[in-house]
Amino acid sequence: MTVVPPAAGASASLWERDEEIAGVVEALDALCVDRASPGGLLVLRGEAGLGKTALLAETRRLAEERGCTVWSARGGETLRSVPFNVVRQLLQPALVSLLPEEAREYLGDWYDVAGPALGIADPGGRQADPQGVCDGLVVAVRRLAKRDWPLVLLIDDAHWADQETLRWLAAFAERLHDLSVLVVVARRPGEVTGESARHLDAVAAAAGRPETTLSALTPEATAGLTRATVGRHADAPFCREVWAVTGGNPYETVELLAKVQDTELEPTESSAGELRALNRSARGGGLVARLEGLGIDATRFAWAAAILGTGISVDLVARLTTMRPEQAVRCAELLCSARILTAPDPAGAQADDGDLEFVHPLIASAVYNSIPDALRTAMHGIAAQIVTDSGRGAAAASRHLLQVHPDDDVELVDQLREAAREHLAVGAPDAARRCLERALQEPPRPDVHARVLYELGCATLLTAPARTIGHLQTALAMPGLDGPARVDAVFRLSQALLHNDQLEQAVRTVEAEAARHEEGPARLRLRAVQYMWEGIHSGEAQTPGRSERLAELARTCTGRDNSERALLILRGFDAMNHGENAVEVVELCDRALVNGRLAPGLGWTDTEWGVELLMMLGSSYAYADRLDRAENLFAEALRTYTTAGWSGGHLALANAFLGLAFRRQGRLKDAESVLRESLRLAERVGRGLPLYWSATCGLVDTLLARGHVREAWSVAERYGFTPPYPSTIVLPDTRSVRGRLLLAVGRTEDGINELEAAEKAAAVRGGHNPVLAPSTIDLAGALAAQDPARAARLAADARRQAELFGTDTAIGEALRCAARLETGQRKVRLAEQAVTYLEASPCQYEHAAARVEYGVAARSTTELNRGLTLARSCGADGLARQAREALAELEA
């Protein structure tokens, strides 16, 4: 076998890497064709020492030869708790070249969202949405990449990257297809678990090609490298022993051969027996022994460098070890001579890399782990103080504080709480959770303990509802949480229970807390929250007399504060759900507004009440035929969440309910578009949640209205739109939509059974609104042939309920149902009446359907043409096809 050495000047670790380098060259050449070139992603996978870093260095060299801009970053074993550490490193070359106003111009609306995470903007006053920050970082890199084309991103030791960076990387990798950027990621196999592992798997999947797995050097390559390093006179037995001792690991081979040169060992068979001892001195315990042989000062310097992990400067190490400057300089020189530390590579150095770095991560790990436990924690404590004194803030010091032994330190608890607040403000709730969990170990003073648990519960509310429940329940059982904070904790606990599908317990929790309070604002708020959770319960019967008590309470409300406004909204939603007079529903909802707008403290991003209340308000308007107000509310939610960078569950819900408003208006194409976006966002949050059901159900309902039955069935199958249904109400009604879908695909018996179940569920809830839950109307149509008498009774019930509710849409839909069950002139008269009502309704799809049905019944080409025009404007393809077929039949 002929072994070809690497190019002159390249790393010795590039031996036998021709195939991998060829893959890099191919990707770079594809990138550099023009600005329209598609992005690329390469993943290099290999055990420690197999040359991943060397391949990245060669990638940089090849890229820069072609005129590419190269940004690079590296994960660190002791830096995984630092949020956004690696992505900040990556973007530093671009960020340091921009003035603040230039950065704001490039990032636009995302500046205030992603800027704090990148360290270029101050965080806002509220907790940032992690998904929004992730999306903002994706936008930031995309915009900067277009400026710096052709751009290559290199990420080394991705297995040690912080979770926030990995989340960004996974999201960015999915969107590389339309961006001309090459991303090269190097990682070890294993090493990570949980969420970080899932993100790395997503990155590998997005590459669209197998990972490049590096293998050890062959004996032939090891022999070639040996002779190229120590001389051509190295004999075959010596070379074979080098390979046997190192296992062909390029890093160990290079280090061993350096030791051979340092000791002037003859590369012959007679000296081969000394190679194993030399190799042991280059790693693990041997490396530690070699370090100790350099003296206590050099050892302390190396320990301090390992504690710092990044940004290692002689001055900082001197402060951490209390060395004199000249003493520290001598130690640095000694450690560099011993190939333990080295100066950073200027080509890939970052702004805060400092003066030094470890020659290899294996050395850094070995040195860090060699520090005696007690001394290591003490040094982390000193490092935290140095970081704090430098004015970099509690969050920057927190990675060191997390390593300090618990010691009943009041100041440490305060620092960790402050660090958690800073982490939350930039969108890193997991980092905040680690700080607060560590604060609990200290432990906090008894009068503060409950507050820390409360803060921990708030930090995990969006990411771990089940864990939040335990924290808040414990906090509420302890002294120290009183007044408004206690009420807020109970509300947040009930929210966590709701998100964990424990709605019944959420209701009981708020009810029990309300009973502890005297009449006043706190009790009023708790009672409102109880009514809110009861109001969205989809399953069991309501508490006896609930609606009556809510109505009585609402009658005393003038809307003077947000508790009273909340009760007015809840009463309006309850009345709408039960099919009470729609005019009264709208009046109740209007009284909850201030000059037609949401009151301060009751906005979409305010946390005192939660998004559910405002969704109930908008839904009441939507089903009471005030679709203009519903659309304005939900469009405001969309704008507010987008501007604030909330692109998780809140934005998914805003899209879902805006889609509901569009669907009710008959803007079916617009509805489908925003509902698909809602479902995309909901997928990122997690399946099974109420918001996921809202998006899926709304999309299926809209596709059925458009006449796209196959696509509706495909969506239902793909996203699990089948029983069991969630414990919360979903709009539109899940069972009604599912029943209509089954009828549309020809599963008539299953469809009737589903609609029967929908009828029973609505009766249990006391719901009699035929527009909100149209199962009565759909069931009447399904039973028309097999049980006409029951169908007629159902149609009569629907008409009676519609007249009580009183909207044009409800009455028109009930008349359409009645007309479908009749024949002759009675059918024509009922169909005509349906058109009259629905023409005055804001629901254009239903109006179009009524026109077509009237045209068919009356054999009127005029009405059919009107219906066809309306159907086309709505995007109702199935209805338009029906109208065309009826016209063709009449004209024939």
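Residues numbered from 1 in each chain as written. Predicted model: local features only at pLDDT ≥ 70, side-chain atom pairs only at ≥ 80, totals over all residues. Heavy atoms only, no water.

Q: Describe in detail the overall build of the chain, supporting the description with residues and values.
A: Assigned secondary structure in the chain consists of 44 helices and 7 strands. Along the longest, intermediate and shortest principal axes, the C-alpha atoms of the chain span 110 × 75 × 50 Å. Across the 892 residues in the chain, those meeting the buried criterion constitute 57%. A total accessible area of about 36000 Å² is found for the chain, and carbon and sulfur atoms account for 50% of it. For the chain, the centre of its 96 positive side-chain charges and the centre of its 120 negative side-chain charges are spaced 4 Å apart. (Helix = DSSP H or I, 4+ residues; strand = E, 2+ residues; numbered from the N terminus. Buried < 20%, exposed > 50% of the residue type's maximum accessible area, 1.4 Å probe, protein only. Areas by Shrake-Rupley, 256 points an atom, 1.4 Å probe, with all protein chains shown as cover. Lys, Arg positive; Asp, Glu negative; His and termini not counted. Charge placed at Lys NZ, Arg CZ, Asp CG, Glu CD.)

Q: Give a description of the sheet that holds strand E4 (residues 181-187) that names residues and reports values.
A: On the basis of which strands lie adjacent, the open sheet formed by 5 strands has the order E2-E3-E4-E1-E5 and parallel pairing. A single partner strand is all that each edge strand has here, and the edge strands are strand E2 (69-74) and strand E5 (212-213). Sheet topology note: the strand E3 (residues 151-156)/E4 ladder contains 5 bridges and is parallel. Directly across from Leu154, in E4, lies its bridge partner Val184. (Pairing = 2+ DSSP bridges.)

Q: With reference to specific residues and values, describe the side chain of Ser547.
A: By the secondary structure assignment, Ser547 is in helix H27 (residues 546-555). Accessibility expressed as a relative area gives 14% for Ser547, which makes it buried. Setting aside anything within four residues of it in sequence, one finds Ser547 in contact with Asp574 and His578. (Contact = heavy atoms within 4.5 Å.)

Q: Break down helix H34 (residues 690-706) for me, with residues and values.
A: Between its first and last C-alpha, H34 extends 24 Å over 17 residues, near the 24 Å set by a 1.5 Å rise per residue. Burial runs high along H34: 16 of the 17 residues are buried. (Expected span 1.5 Å × (residues − 1).)

Q: So what about the nonpolar core? Which residues, and what values?
A: If you look at the biggest cluster of nonpolar residues, it comprises 128 residues, and the most contacted ones within it are Trp533, Trp604 and Val700. When residues of this core are assigned to their parent elements, the largest contribution, 10 residues, is made by helix H32 (residues 649-665). Contacts of Val700, omitting those with residues within four sequence positions, involve Ala712, Val715, Ala716, Phe721, Val737 and Leu741. Among the nonpolar cores identified, the runner-up in size contains 56 residues, and Ala114, Ile155, Val203 and Ala431 belong to it. (Core = buried A, V, L, I, M, F, W, Y, C linked by side-chain atoms within 4.5 Å.)

Q: Summarise the packing of helix H39 (residues 788-805) against helix H40 (residues 808-820); cite the residues concerned and give the values.
A: Here H39 crosses H40 at 165 degrees, and the two axes come no closer than 8 Å. Relative to H40, the element H39 lies roughly antiparallel. Handedness of the H39/H40 crossing: left-handed. When H39 is examined against H40, the residues Ala795, Ala798, Arg799, Ala802, Glu803 and Phe805 are found in contact with a partner set consisting of Ala810, Ile811, Ala814, Leu815 and Cys817. Split into classes, the residues belonging to the contact of H39 with H40 amount to 9 nonpolar, no polar and 2 charged. (Axes fitted to C-alpha atoms, helices over the stretch in contact; angles between N-to-C directions. Parallel < 35°, antiparallel > 145°, perpendicular 65-115°, else oblique. Left-handed = near helix turned anticlockwise from the far one by under 90°. Nonpolar A, V, L, I, M, F, W, Y, C, P; charged D, E, K, R; others polar.)

Q: Could you give an account of the side chain of Thr165, naming the residues involved and the relevant values?
A: Positionally, Thr165 belongs in helix H7 (residues 163-174). Among the residues examined, Thr165 registers a relative accessible area of 1% and is labelled buried. In this structure the side chain of Thr165 is engaged in a polar contact, spanning 3.1 Å, whose partner is the backbone nitrogen of Val87. With residues up to four places along the chain from it excluded, the contact list for Thr165 reads Phe84, Asn85, Val86 and Val87. (Polar contact = N/O pair within 3.5 Å; in protein donor to acceptor, adjacent residues only side chain to side chain.)

Q: Report on a negative patch on the surface, specifying residues and quantitative values.
A: A surface patch of like charges, here negative, comprises Asp407, Asp408, Asp409, Glu411 and Asp414. As for its position among the elements, Asp408 is in the loop between helix H19 (394-401) and helix H20 (410-425). (Patch = residues over 30% accessible without salt bridge, like charges linked within 9 Å, V, L, I, M, F, W, Y side chains within 5 Å. Salt bridge = Lys/Arg side-chain N within 4 Å of Asp/Glu carboxyl O.)

Q: How would you sum up unusual backbone geometry? Please name residues and give values.
A: The linkage connecting Trp149 with the following residue, Pro150, adopts the cis geometry, with an omega of -10 degrees. If you trace the backbone, Pro150 turns up in the loop between helix H6 (130-147) and E3. The phi dihedral of Arg859 is positive, around 55 degrees, even though this residue is not glycine. Counting through the fold element by element, Arg859 comes out in the loop between helix H42 (844-858) and helix H43 (861-874). Here Arg859 falls in the exposed class, since its relative accessible area comes to 57%.

Q: Lay out the pairing of strand E1 (residues 40-45) in plain terms, naming residues and giving numbers.
A: Counting buried positions along E1 gives 5 out of 6 residues, so the element sits mostly inside the fold. Summarising the sheet, E1 and E4 pair through 6 bridges and their orientation is parallel. Across the sheet, Val43 pairs through a bridge with Val185, a residue of E4. Bridging between E1 and E5 involves 2 bridges; their strand directions are parallel. Paired with Arg45 across the strands is Thr213, a residue of E5.

Q: With reference to specific residues and values, describe helix H3 (residues 85-95).
A: With 9 of 11 residues buried, H3 is to be regarded as a mostly interior element. Buried residues of H3: Asn85, Val86, Val87, Gln89, Leu90, Leu91, Gln92, Ala94 and Leu95, and no others. The inward-facing, buried residues of H3 abut E2, helix H5 (111-118), H6, E3 and H7.

Q: Explain the pattern of salt bridges residue by residue, including any values.
A: Going through the model one piece at a time under the given rule, you end up with 64 salt bridges. Note that Glu580 is salt-bridged to Arg571, the shortest N-O span being 2.8 Å. Taking relative accessible area as the criterion, Glu580 reaches 27% and is therefore assigned partly exposed. In this structure, a network of salt bridges that share partners links the residues Glu504, Arg508, Glu511, Glu534, Arg546, Arg571, Asp574 and Glu580.

Q: Account for the packing of aromatic side chains, naming residues and giving values.
A: Following the criterion strictly, the structure yields 8 aromatic pairs and no others. Ring plane angle 0 degrees and centroid distance 6.3 Å describe the contact between Phe491 and Trp533, whose orientation is recorded as stacked. Of this pair, Phe491 sits in helix H24 (residues 483-499) while Trp533 sits in helix H26 (residues 521-535), placing them 42 residues apart in sequence. Accessibility expressed as a relative area gives 1% for Phe491, which makes it buried. (Phe/Tyr/Trp six-rings, centres within 6.5 Å; stacked < 30°, edge-to-face > 60°.)

Q: Help me get a handle on the packing of helix H18 (residues 373-389) against H19, residues and values and all.
A: Taken N-terminus to C-terminus, the directions of H18 and H19 make an angle of 175 degrees; their axes are 8 Å apart at the nearest point. Taken together, H18 and H19 sit at an angle that is classed as roughly antiparallel. Residues His380, Ala383, Ala384, Val387 and Thr388 of H18 form the contact with H19, whose participating residues are Ala396, Ala397, His400 and Leu401. Partitioned by chemical class, the residues of the contact of H18 with H19 number 6 nonpolar, 3 polar and no charged.

Q: I'd like a rundown of the environment of Val852, residues and numbers included.
A: Along the chain, the position of Val852 falls in helix H42. Through-space distance from the C-alpha of Val852 to that of Ala871 is 8.8 Å; in sequence the pair is 19 residues apart.

Q: I'd like a description of the environment of Gly855, backed by residues and values.
A: One can find Gly855 in helix H42. The exposure class assigned to Gly855 is buried, which follows from its relative accessible area of 0%. It is 60 Å that separates the C-alpha atoms of Gly855 and Gly194, two residues lying 661 residues apart in sequence. In contact with Gly855, not counting residues within four places along its chain, are Ser860, Glu863 and Leu864.

Q: Could you give an account of the state of the cysteines, naming the residues involved and the relevant values?
A: Applying the stated criterion to the full structure yields 0 disulfides. In this structure Cys589 is a free cysteine whose sulfur lies 13 Å from that of Cys557, the closest cysteine sulfur available. Unpaired in terms of disulfides, Cys697 finds its nearest cysteine sulfur in Cys843, a separation of 17 Å. Under the relative-accessibility criterion, Cys697 is labelled buried at 0%. (Disulfide = S-S within 2.5 Å.)

Q: I'd love a proper account of the environment of Leu570, names of residues and values included.
A: In this fold, Leu570 is placed in helix H28 (residues 562-577). Placed 41 residues apart in sequence, Leu570 and Val529 show a C-alpha to C-alpha distance of 9.3 Å. Apart from the residues lying within four places of it in its own chain, the contact partners of Leu570 are Ala528, Tyr531, Met532, Leu550, Leu613 and Met616.

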